[in-house]
Amino acid sequence: MIQAKNSPTEGAGPRRASDIKGLCLFFVGAATLLWLAMPQSGMLPGFVDHALRLFAGTGAVVIPLILMFVGAMFLLGFERIQFSHSTYGSLLFFLTFVSWRHIGANLSPELAHSVPLGYDPRWSEAHLMASGGYVGAFLGTIILKILGNAVSYMFLILTGSVSAVLVFDRPFLELIKQLKKPAVASVAVTKKGADIAAKTTQKLRGRKPIQDPF
């Protein structure tokens, strides 16, 4: 993720400025996350919610989380923010997600018939806010025009895989092996449970009915 470094400058002044920046960023991020999660009364919450959802659609929640993370870094005493390969991987994953949301989101019949003839309903506000926003629409449209429908999904799988390699900083085959372990464990547990249930059912069926002594 974002690498932070302590500033070589010492003294109360820089530390105080770092604390103030951290508090402000964390507050703005927390307030924005609350406004996105739960509708709030007031002009500013509605404006922020509308603007961020238009910008990034369902990926808008990432923005306040980044603000809170950077604010926490400042509060912990870090005064310089430096980007790393994990940062670029996270950004690539975000762009992949919003592009996928735009390409994969299905248009409702009401939306498809409520727009003027010749206008692409994927660029309507309702669709943008429910999918990938302007960012996802811009990237998704370019990818679709260049690669077509099926290959666009293949390309996004590629970019998602590259982002995972950058974020976790591990070979791709090792990541696949790590992902397979929970899947194999869940399959084994499910199979074991099914075997126990089958044996229990078989035993119950094999029992002789208890005769009423009266």
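Everything that follows concerns the structure shown earlier in this document.
Residues numbered from 1 in each chain as written. Predicted model: local features only at pLDDT ≥ 70, side-chain atom pairs only at ≥ 80, totals over all residues. Heavy atoms only, no water.

With respect to the overall build of the protein
Here is step 1: Regarding its fold elements, the protein presents 9 helices and 2 strands.
Here is step 2: Going from the N terminus to the C terminus, the protein shows its helices and strands as β-α-α-α-β-α-α-α-α-α-α.
Here is step 3: Looking at the protein as a whole, 26% of its 214 residues are labelled buried.
Here is step 4: Looking at the protein alone, contacts between residues at least 24 apart form 75% of all its contacts between residues at least 6 apart.
Here is step 5: Of the roughly 14,600 Å² that the protein leaves accessible, carbon and sulfur atoms contribute 70%. (Helix = DSSP H or I, 4+ residues; strand = E, 2+ residues; numbered from the N terminus. Buried < 20%, exposed > 50% of the residue type's maximum accessible area, 1.4 Å probe, protein only. Contact = heavy atoms within 4.5 Å. Areas by Shrake-Rupley, 256 points an atom, 1.4 Å probe, with all protein chains shown as cover.)

Section: the packing of aromatic side chains
Here is step 1: The final tally for this structure, using the stated rule, is 2 aromatic pairs.
Here is step 2: Plain terms: the ring middles of Trp 100 and Tyr 153 are 4.9 Å apart, the flat faces sit at 70 degrees to each other, and that makes the pair edge-to-face. With Trp 100 in helix α4 (residues 85-104) and Tyr 153 in helix α8 (residues 149-168), this pair connects stretches of sequence that are 53 residues apart. (Phe/Tyr/Trp six-rings, centres within 6.5 Å; stacked < 30°, edge-to-face > 60°.)

Brief notes about the pattern of salt bridges
Here is step 1: Applying the stated criterion across every chain yields a total of 1 salt bridge.
Here is step 2: Across the salt bridge formed by Arg 53 and Asp 49, the nearest N and O atoms sit 3.0 Å from each other. You can see Arg 53 and its partner Asp 49 sitting in helix α2 (residues 43-56), 4 residues apart, about one turn around the helix.
Here is step 3: When its relative accessible area of 23% is taken as the criterion, Arg 53 is described as partly exposed. (Salt bridge = Lys/Arg side-chain N within 4 Å of Asp/Glu carboxyl O.)

As for the packing of helix α7 (residues 133-147) against α8
Here is step 1: Close contact between α7 and α8 brings their axes to 7 Å; oriented N to C, the two are set at 120 degrees. One finds that α7 runs oblique with respect to α8. Crossing angle aside, the handedness with which α7 passes α8 is right-handed. Along its contact with α7, which presents Ile 143, Leu 144 and Leu 147, the element α8 presents Asn 149, Val 151, Ser 152, Phe 155 and Leu 156.
Here is step 2: In the contact of α7 with α8, the residues fall into 6 nonpolar, 2 polar and no charged. (Axes fitted to C-alpha atoms, helices over the stretch in contact; angles between N-to-C directions. Parallel < 35°, antiparallel > 145°, perpendicular 65-115°, else oblique. Left-handed = near helix turned anticlockwise from the far one by under 90°. Nonpolar A, V, L, I, M, F, W, Y, C, P; charged D, E, K, R; others polar.)

Notes on the packing of α2 against α7
Here is step 1: Contact geometry for α2 and α7: axes closest at 2 Å, N-to-C directions at 15 degrees. If you check the angle between α2 and α7, you find them roughly parallel. On α7, the residues that touch Arg 53, Leu 54, Phe 55 and Ala 56 of α2 are Gly 133, Tyr 134 and Val 135.
Here is step 2: Among the residues forming the contact of α2 with α7, the class breakdown is 5 nonpolar, 1 polar and 1 charged.

Re α2
Here is step 1: Under the 1.5 Å per step criterion, the end-to-end length of α2 is 20 Å for 14 residues, consistent within 8% with the ideal 20 Å.
Here is step 2: Within the sequence span of α2, burial applies to Pro 45, Val 48, Asp 49, Leu 52, Leu 54 and Ala 56.
Here is step 3: Positive backbone phi, at 60 degrees, marks Gly 57, one or two positions downstream of α2. (Expected span 1.5 Å × (residues − 1).)

A look at a nonpolar patch on the surface
Here is step 1: On the surface, a nonpolar cluster with roughly 820 Å² of combined accessible area is contributed by Phe 138, Ile 142, Ile 146, Leu 147, Val 151, Met 154, Phe 155, Leu 158 and Val 162.
Here is step 2: Looking at the nonpolar patch, the elements that each hand over two or more residues are α7 and α8.
Here is step 3: Per-element tally for the nonpolar patch: the top contributor is α8, with 5 residues.
Here is step 4: Its location among the elements puts Val 162 in helix α8.
Here is step 5: A residue is classified by how much of its surface remains accessible, and Val 162, at 36% relative accessible area, is partly exposed. (Patch = residues over 30% accessible without salt bridge, like charges linked within 9 Å, V, L, I, M, F, W, Y side chains within 5 Å.)

Focus on the nonpolar core
Here is step 1: Counting residues in hydrophobic clusters, the biggest one holds 10 residues: Ala 31, Trp 35, Leu 36, Val 48, Leu 52, Ala 56, Ala 60, Phe 94, Val 98 and Val 135.
Here is step 2: Taken together, the elements giving at least two residues each to this core come down to α1 (12-37), α2 and α4.
Here is step 3: The residues touching Ala 60, leaving out its near neighbours within four places in the chain, are Leu 36, Leu 52 and Arg 53. (Core = buried A, V, L, I, M, F, W, Y, C linked by side-chain atoms within 4.5 Å.)

Quick look at α7
Residues lying three or four places apart along an α-helix face the same way, a consequence of the helix completing one turn every 3.6 residues.
Here is step 1: Here α7 contains 15 residues, and its C-alpha end-to-end distance of 21 Å stays within 8% of the 21 Å for a straight helix at 1.5 Å per residue.
Here is step 2: Taken together, the buried positions of α7 are occupied by Gly 133, Val 135, Gly 136, Ala 137, Gly 140, Thr 141 and Ile 143.
Here is step 3: As for α7, its buried residues are in contact with α2, α4, α6 (125-130) and α8.
Here is step 4: Of the residues trailing α7, Gly 148 is marked for its positive phi of about 85 degrees.

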